[in-house]
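Architecture and fold: a report
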Amino acid sequence: VAADKREVPPYVYHVAKNDNQSDCVCPGCLAAVKRYNGNHAGLMMEFVSDIANRVGKVHKNVLFAFLGYTTDEIPVKGYKLPSNVMVVTAQLGSEFMTRVNRDSMRSIHHPNNALAKKYMLEWRKAAKHYSIWDYWILFRQHYAGPATNVSALVDNIRFYADLKLEHIFAET
């Protein structure tokens, strides 16, 4: 942040790992994941919290964001993120991969999405700043065409409004 030569530094810095499901297997990371009962999100929450706590002492108006995504999708129960951290959840749908908690074709209130909804509510409790990266596109068509998830979007957007999100990014 200090090295950023602009008059006003960016408001949000995103801290992200590679866009895949391959987590670090070094002894330090594995030990941290073990502390969180195998939940990889704990490692990311701890890492970003540490950065936010250190930098936040000097730069009060900066947020640090990270993705609750793939292996970081499930929040650690009871973990409260610092007030200068924003979680951005991105739940891949069943059309994209098999190990998922989200059915993109149905409303967040549908029973198929009970876990996805639960995780969103838990992330909301864990973070003062919360945003969603939503997938409105169907990456792979495993459905009889034409297929659309438009009917689910209205309920989902209402639910997001109830969560008092700061941002919704819709990948279309």
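A few points on the structure.

Criteria and cut-off values
Here the residue index of a chain counts from 1 through its sequence in written order. In view of the model being predicted, local features appear only for residues whose pLDDT reaches at least 70, and side-chain atom pairs are presented and counted only at 80 or more, with totals across whole chains, interfaces and linings using the full set of residues. Each side-chain value is derived from all of the structure's non-hydrogen atoms; neither hydrogens nor water enter the calculation. Strands pair, by our definition, only if DSSP identifies at least two bridges between them. Secondary structure is summarised from DSSP: a helix means a run of H or I of at least four residues, a strand means a run of E of at least two, and numbering begins at the N terminus for each. Only the stretch in contact is used when a helix axis is fitted, and all axes are lines through C-alpha atoms; the angle between N-to-C directions ranges over 0 to 180 degrees. When a residue's accessible area, from a 1.4 Å probe over protein chains only, is under 20% of the maximum for its type it is buried; when over 50% it is exposed; and in between it is partly exposed. Angle categories: roughly parallel below 35 degrees, roughly antiparallel above 145, roughly perpendicular from 65 to 115, and oblique for all the rest. In what follows, residue pairs with any heavy atoms lying within 4.5 Å of each other are defined as contacts. Polar here means any residue outside two lists: the nonpolar Ala, Val, Leu, Ile, Met, Phe, Trp, Tyr, Cys and Pro, and the charged Asp, Glu, Lys and Arg; Gly therefore counts as polar. We call a set of buried Ala, Val, Leu, Ile, Met, Phe, Trp, Tyr and Cys residues a nonpolar core when their side-chain atoms join them within 4.5 Å.

Spatial strand order, β1-β2-β3-β4-β5: five strands in an open sheet with parallel pairing. Edge positions in the sheet fall to β1 (12-14) and β5 (167-171), since each of these pairs with one other strand and no more. Direction aside, the axes of adjacent strands within the sheet are offset by 25° on average. Here four bridges tie strand β3 (residues 85-90) to strand β4 (residues 129-135), and the two strands are oriented parallel to one another. If you follow V87 over to β4, its bridge partner there is Y130.

This part is about the pairing of strand β2 (residues 63-69). β2 sits mainly inside the fold: six of its seven residues count as buried. One ladder, built from three bridges, connects β1 with β2; its direction is parallel. Looking at the pairing, V12 lines up with L63 of β2. Here β2 pairs with β3 via six bridges, running parallel. Considered in β3, the bridge of A65 is made with M86.

In the contact formed by helix α1 (residues 27-35) and helix α2 (residues 40-56), the axes pass within 7 Å of each other and the chain directions differ by 105°. As far as their axial angle goes, α2 and α1 are roughly perpendicular. Residues C29, A32, V33 and R35 of α1 touch α2, and the partners they reach there are H40, L43 and E46. Across the contact of α1 with α2, the residue classes break down as four nonpolar, one polar and two charged.

Before going further, it helps to examine the nonpolar core. Core analysis: the biggest nonpolar cluster contains 28 residues, and M45, F66, L81, M120, W123, Y130 and L163 have the highest contact counts within it. Secondary-structure elements contributing two or more residues to this core are α2, β2, β3, α3 (114-126), β4 and α4 (150-162). Counting residues per element, this core draws most heavily on α2, which supplies five residues. Once residues within four sequence positions are removed from consideration, M120 is found in contact with Q91, R102, I108, Y130, I132, F159, Y160 and L163.

All quantities given are derived from atomic positions and should not be read as evidence of function.
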